Amino acid sequence: MTACCPFLQERRENVAAMKKVAALQLCPRLAYLNECDGSLGEPRCSQNHDREAFAETKLPNIADECPVLEALGVCPAGLNCRFSGHVLDGKNVDKCGVALSPNCSWHQKIPHIGVVPGEKNIFSEDLRISLRKKTYDFSRAEDLAKAWDRWHSQRPKDAAENDERYSLPTDSARFLGPLVEKERRRIDLRNKSILAPLTTVGNLPFRRLCVGLGCEVTVGEMALSLSIVDGLQSELALLRRHESEKCFGVQIAGGDVAVMSKAAQFIDERVDCDFVDINCGCPLDEVHRRGAGSRLMAKAAHLEGIVRCMSGVLKTKALTLKMRTAHMEDNKVKDFNGRYAHNLVPKLEGWGVSALVLHGRTARQRYTKLADWDYIKECSSRRRCQTPFIGCGDAMNWEEVEQHCAMHGVDSVMVGRGALIKPWLFTEIKEKRHWDISASERLDLIRDFSRYGLEHWGADSRGVETTRRFLLEWLSFTCRYVPIGLLEVQEAKINWRPRPYVGRNDLETKLASTNSKDWVEITEMMLGKVPDGFSFVPKHKSNAYQAEGMQVKAEDEGAAG
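Below: a short report on this structure. The structure displayed is predicted, hence computed values, not measured ones. (Residues numbered from 1 in each chain as written. Predicted model: local features only at pLDDT ≥ 70, side-chain atom pairs only at ≥ 80, totals over all residues. Heavy atoms only, no water.)

**Comments concerning the overall build of the protein chain**
Looking only at helices and strands, the protein chain features 23 helices and 15 strands. In the protein chain, buried positions account for 56% of the 561 residues. Within the protein chain, contacts between residues at least 6 apart in sequence are counted, and of these 69% link residues at least 24 apart. Summed over all atoms, the accessible surface of the protein chain reaches about 24,500 Å², with 49% contributed by carbon and sulfur. (Helix = DSSP H or I, 4+ residues; strand = E, 2+ residues; numbered from the N terminus. Buried < 20%, exposed > 50% of the residue type's maximum accessible area, 1.4 Å probe, protein only. Contact = heavy atoms within 4.5 Å. Areas by Shrake-Rupley, 256 points an atom, 1.4 Å probe, with all protein chains shown as cover.)

Right, dumping it as structure tokens:
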């Protein structure tokens with residue numbers, strides 16, 4: 001049996017459990033606005049208007065106060081909410097006790113659960129339909145991609161890299177792109193604490209948590225360019241930004257020049273962000289099959305076309321790129337053990353990136369070896385311009401961040417797994433101190449995440465279980481944290497795998513457990529009992545963990561690239 005089988009089985013079981021729970025919910029419009037005539041509009045009618053049947057099957061309330069009502073002043077989940085405090089005489093009421101109706105001001109401000117005050121990049125149904133039906137005007141990106149194809153097909157294979165006829169094209173008959181330095185959009189990432197783009201675990205609630213702890217730059221989860229261009233709702237949701245994220249970037253992956261250009265145009269015109277990051281480091285085979293992720297590093301022509309066209313189409317956002325030291329070690333490269341990122345650095349600067357991020361491992365290594373910061377320093381030295389250069393890999397303490405900036409030629413350090421294990425690392429970096437955080441303070445952070453999750457995904461049964469699933473994914477990482485007060489040295493290393501230990505109190509011991517049943521119990525403190533048929537296997541395994549009847553050991557794959 002492969003390691004992914006338990007996860008797939010868990011997904012099937014949880015999908016079935018969620019469908020059962022969703023089938024018992026009241027019509028969303030009736031639950032929110034206290035009436036529904038079955039017409040078109042938001043929230044959409046589900047035809048389930050039987051209040052008596054709903055009351056008989058409704059799951060017990062989790063707590064007396066609804067966190068969404070407290071934060072927003074109204075709970076869009078309404079009668080479906082798993083918390084108390086806003087149902088009066090069988091009707092959904094706001095914080096002032098006024099019953100909601102289709103014509104109330106709340107309905108205009110918050111049409112349904114998916115619209116959250118304080119969140120940006122929420123796209124209208126008309127816009128999504130224009131993407132799905134291929135009516136969105138992508139002419140700007142299409143013209144640029146066609147010009148690139150013409151210019152690239154005319155370029156001799158033996159053309160020198162410094163031949164200005166091909167390195168700096170100057171007319172649209174050949175190729176339109178960033179021509180001179182002043183045309184490039186700037187992004188200042190120097191001396192900033194940066195959260196890496198993390199698949200699944202780098203969701204909006206977790207980013208909010210990190211911002212509250214001192215993180216200055218955040219990047220959304222990796223989104224596939226083709227799914228964005230096709231208007232897939234689940235992919236567009238990855239572009240959301242919370243108003244607390246003062247410097248925010250979106251990361252997209254893809255291997256097709258035209259599609260990546262279209263995605264860049266859409267983001268440039270419709271998405272509120274500060275920069276667009278090209279994923280050139282994802283180690284997952286599923287992404288490689290699309291010609292994307294770290295695979296793009298080995299396809300220089302495609303990479304050049306993507307960078308040039310995206311840089312050319314972006315008028316209001318900067319373009320950044322995150323890569324690894326290599327896709328796979330190249331035997332033709334005699335130096336640096338077959339790694340070749342150092343050769344790409346000056347090329348990428350010329351093609352149009354405004355900042356570079358380098359993860360100090362190859363895709364083949366994934367996370368099994370320590371990041372090579374000496375090689376990161378070598379790559380930094382290959383820059384020809386003052387392009388911000390950010391290093392990434394294994395940062396777990398504020399001293400390491402300071403050391404890398406001082407000794408390895410990087411302007412900033414991007415933090416990935418270190419933030420998942422201890423998101424208060426950003427506080428330590430900012431204040432230059434070790435924080436011997438107590439178990440109760442860690443529980444408060446878990447409570448904050450749960451509250452952010454309920455605001456983002458909703459306080460009905462579906463939202464509660466979605467919040468639980470992402471909280472469990474995070475707990476599968478943070479259980480690796482060993483309190484400073486129990487260590488003989490202050491600087492814990494990210495590759496340490498501590499043996500089970502007894503904490504300073506029962507809560508600290510439970511937070512350190514590698515048993516997924518204990519993680520579920522922690523979520524039940526915030527989100528109530530799990531539904532019947534629920535099970536959990538981490539999607540991104542952070543270390544060896546135990547579940548009833550099996551033991552699986554794998555390295556984490558949390559970072560998107």
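Further notes follow.
**Thoughts on the packing of aromatic side chains**
How two aromatic rings sit relative to each other is given by the distance of their centres and the angle of their planes. Taken as a whole, this structure holds ten aromatic pairs when the rule is applied. Geometrically, the ring pair formed by Phe-123 and Phe-266 is tilted, given 5.5 Å between the ring centres and 55° between the ring planes. Placement of the pair is Phe-123 in the loop between β3 (119–120) and α6 (125–132) and Phe-266 in helix α12 (residues 257–270), with a sequence separation of 143 residues. Taken as a pair, Phe-123 and Phe-266 share a single burial class, namely buried. Centre to centre, the rings of Trp-148 and Trp-151 are 5.4 Å apart; their planes meet at 45°, and the pair counts as tilted. A residue pair is termed a helical-turn pair when its members lie 3 or 4 positions apart in one helix, as Trp-148 and Trp-151 do in helix α7 (residues 139–154) at three residues. (Phe/Tyr/Trp six-rings, centres within 6.5 Å; stacked < 30°, edge-to-face > 60°.)

**Thoughts on the side chain of Asp-394**
You can see Asp-394 is positioned in the loop between β12 (389–392) and α17 (398–407). The class of Asp-394 is buried, set by a relative accessible area of 12%. Separated by 2.6 Å, the side chain of Asp-394 and the backbone nitrogen of Ala-371 make a polar contact. At 3.0 Å, the side chain of Asp-394 and the side chain of Arg-417 are in polar contact. Those residues within four positions of Asp-394 in sequence are excluded, and the remaining contacts are Arg-361, Leu-370, Ala-371, Glu-400, Arg-417 and Ile-494. (Polar contact = N/O pair within 3.5 Å; in protein donor to acceptor, adjacent residues only side chain to side chain.)

**Considering unusual backbone geometry**
Residue Pro-43 is reached from Glu-42 by a cis peptide bond, and omega for that bond is -5°. Tracing the chain through its elements places Pro-43 in the loop between α2 (28–33) and α3 (51–57). Residue Lys-134 is not a glycine yet carries a positive backbone phi of 65°. Structurally, the position occupied by Lys-134 is in the loop between α6 and α7. Under the relative-accessibility criterion, Lys-134 is labelled exposed at 57%. Positive phi, close to 55°, is recorded for Phe-336, a residue that is not glycine. Its location among the elements puts Phe-336 in the loop between β10 (318–326) and α15 (341–351). Classification of Phe-336 as partly exposed rests on a relative accessible area of 28%.

**Describing the environment of Lys-91**
With respect to the element layout, Lys-91 can be found in strand β2 (residues 91–92). Residue Lys-91 is classed as partly exposed on the basis of its relative accessible area, which comes to 43%. Sequence separation of Lys-91 and Ala-31 is 60 residues, and the distance between their C-alpha atoms is 8.1 Å. Among all residues touching Lys-91, those that are not within four sequence positions of it are Asn-34, Leu-79, His-86 and Ala-99.

**Quick notes on helix α21 (residues 461–478)**
Given a rise of 1.5 Å per residue, 18 residues ought to cover 26 Å, and the 25 Å separating the end C-alpha atoms of α21 matches this to within 8%. The buried fraction of α21 is high, at 15 of 18 residues. (Expected span 1.5 Å × (residues − 1).)

**Things to note about the pairing of β12**
Residue alternation in β12 divides its side chains into two sets, Phe-389 and Gly-391 and Ile-390 and Cys-392, and both sets are buried. Pairing of strand β11 (residues 355–362) with β12, which is carried by four bridges, proceeds in the parallel orientation. Directly across from His-359, in β12, lies its bridge partner Cys-392. Direction of pairing for β12 relative to strand β13 (residues 412–415): parallel, over a ladder of three bridges. Looking across to β13, one finds that Cys-392 is bridged to Met-414. Once the chain exits β12 it traverses α17 before rejoining the sheet at β13, and the crossover so formed is right-handed. (Pairing = 2+ DSSP bridges. Right-handed = clockwise from strand over helix to strand, strands pointing away.)

**Notes on the nonpolar core**
Counting residues in each nonpolar core, the largest one holds 139 residues, and the members touching the most others are Phe-266, Leu-321, Met-323 and Leu-348. With residues up to four places along the chain from it excluded, the contact list for Met-323 reads Cys-280, Gly-281, Met-297, Ala-341, Leu-344, Val-345, Leu-348, Val-357, Leu-358 and His-359. (Core = buried A, V, L, I, M, F, W, Y, C linked by side-chain atoms within 4.5 Å.)

**Quick word on the pattern of salt bridges**
Overall, the coordinates contain 35 salt bridges when judged by the stated rule. Between Arg-240 and Glu-119 there is a salt bridge, with the nearest N and O atoms lying 2.9 Å from each other. With a gap of 121 residues between them, Arg-240 in the loop between α11 (233–236) and β7 (241–242) and Glu-119 in strand β3 connect regions that are remote in the sequence. Look at Glu-119 and you get buried, because its relative accessible area is 10%. Notably, a salt bridge pairs Arg-128 with Glu-125, separated by 2.3 Å at the nearest N-O pair. Of this pair, Arg-128 and Glu-125 both sit in helix α6, three residues apart, which is roughly one turn of that helix. (Salt bridge = Lys/Arg side-chain N within 4 Å of Asp/Glu carboxyl O.)

**A closer look at the pairing of strand β8 (residues 248–253)**
The buried count for β8 comes to six of six residues, which makes it a mostly enclosed element. Neither face of β8 is exposed, since Phe-248, Val-250 and Ile-252 on one face and Gly-249, Gln-251 and Ala-253 on the opposite face are all buried. Summarising the sheet, strand β5 (residues 218–219) and β8 pair through two bridges and their orientation is parallel. Each bridged residue has a counterpart across the sheet, and for Thr-218 the counterpart in β8 is Phe-248. Bridge analysis of strand β6 (residues 223–224) against β8 gives two bridges, and the strand direction is parallel. Counted as the bridge partner of Leu-224 is Ala-253 from β8. As paired strands, β8 and strand β9 (residues 275–280) are joined by four bridges and run parallel to one another. Bridged to Gln-251 within β9 is Asp-277.

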